[in-house]
Amino acid sequence: MPSEVIYNRIAMLRAERGISRRDLAEALGVHYQTVGYLERGEYSPSLHLALRIAAYFEVAVEVVFAIEPFPRLGAETA
């Protein structure tokens, strides 16, 4: 596998729910900058952290994280 990029929807989920990076970080027990690093793809979470993030948002881990880029919202299908 050429790269081990993990794509995520953390920023989108936060925005939908009106949650700040700081609030999410506090709920997860991590530094708020860690949330920024995760959102920008500069840091891949441990499995434990990924599961905690999914649990926080009450969604399956696959809704938050993927190894392929997520399709653009509103993208037309051919």
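Draft legend 1. The overall build of the protein chain, seen in detail. Secondary structure summary: the protein chain contains 5 helices and 2 strands in total. Rg of the C-alpha trace for the protein chain: 13 Å, near the compact-globule value of 12 Å for 78 residues, within the 12% margin. For the protein chain, the spread of C-alpha atoms along the principal axes amounts to about 40 × 30 × 20 Å. A burial count over the protein chain gives 28% of its 78 residues as buried.

Draft legend 2. Looking closely at the packing of aromatic side chains. Within this structure, the stated rule accounts for 1 aromatic pair. Pairing Y56 with F57 gives two aromatic rings, centres 5.2 Å apart and planes at 85°, and the pair type is edge-to-face. Exposure remark for F57: the relative accessible area of 2% places this residue in the buried category. Over the ring of Y32 we find R22; its NZ or CZ atom is 4.0 Å from the centre of that ring.

Draft legend 3. Highlighting the nonpolar core. Residues I10, L24, I53, F57, V64 and F65 are the most contacted members of the largest nonpolar core, which totals 15 residues. Here this core takes 5 residues from helix α4 (residues 47-57), the largest share from any one element. Those residues within four positions of I53 in sequence are excluded, and the remaining contacts are I10, L28, L38, V64 and F65.

Draft legend 4. Representation of the packing of helix α2 (residues 21-28) against α4. Between α2 and α4, whose axes approach to 10 Å, the crossing angle comes to 115°. The two elements α2 and α4 cross, and the hand of that crossing is right-handed. From α2, L24, A27 and L28 reach across to α4, where they touch L49, R52, I53, Y56 and F57. For the contact of α2 with α4, the per-class residue count stands at 7 nonpolar, no polar and 1 charged.

Rules used throughout
- Residues numbered from 1 in each chain as written.
- Predicted model: local features only at pLDDT ≥ 70, side-chain atom pairs only at ≥ 80, totals over all residues.
- Heavy atoms only, no water.
- Helix = DSSP H or I, 4+ residues; strand = E, 2+ residues; numbered from the N terminus.
- Rg over C-alpha atoms; globule rule 2.2 N^0.38 Å.
- Buried < 20%, exposed > 50% of the residue type's maximum accessible area, 1.4 Å probe, protein only.
- Phe/Tyr/Trp six-rings, centres within 6.5 Å; stacked < 30°, edge-to-face > 60°.
- Lys NZ or Arg CZ within 6 Å of the ring centre and 35° of its normal.
- Core = buried A, V, L, I, M, F, W, Y, C linked by side-chain atoms within 4.5 Å.
- Contact = heavy atoms within 4.5 Å.
- Axes fitted to C-alpha atoms, helices over the stretch in contact; angles between N-to-C directions.
- Left-handed = near helix turned anticlockwise from the far one by under 90°.
- Nonpolar A, V, L, I, M, F, W, Y, C, P; charged D, E, K, R; others polar.

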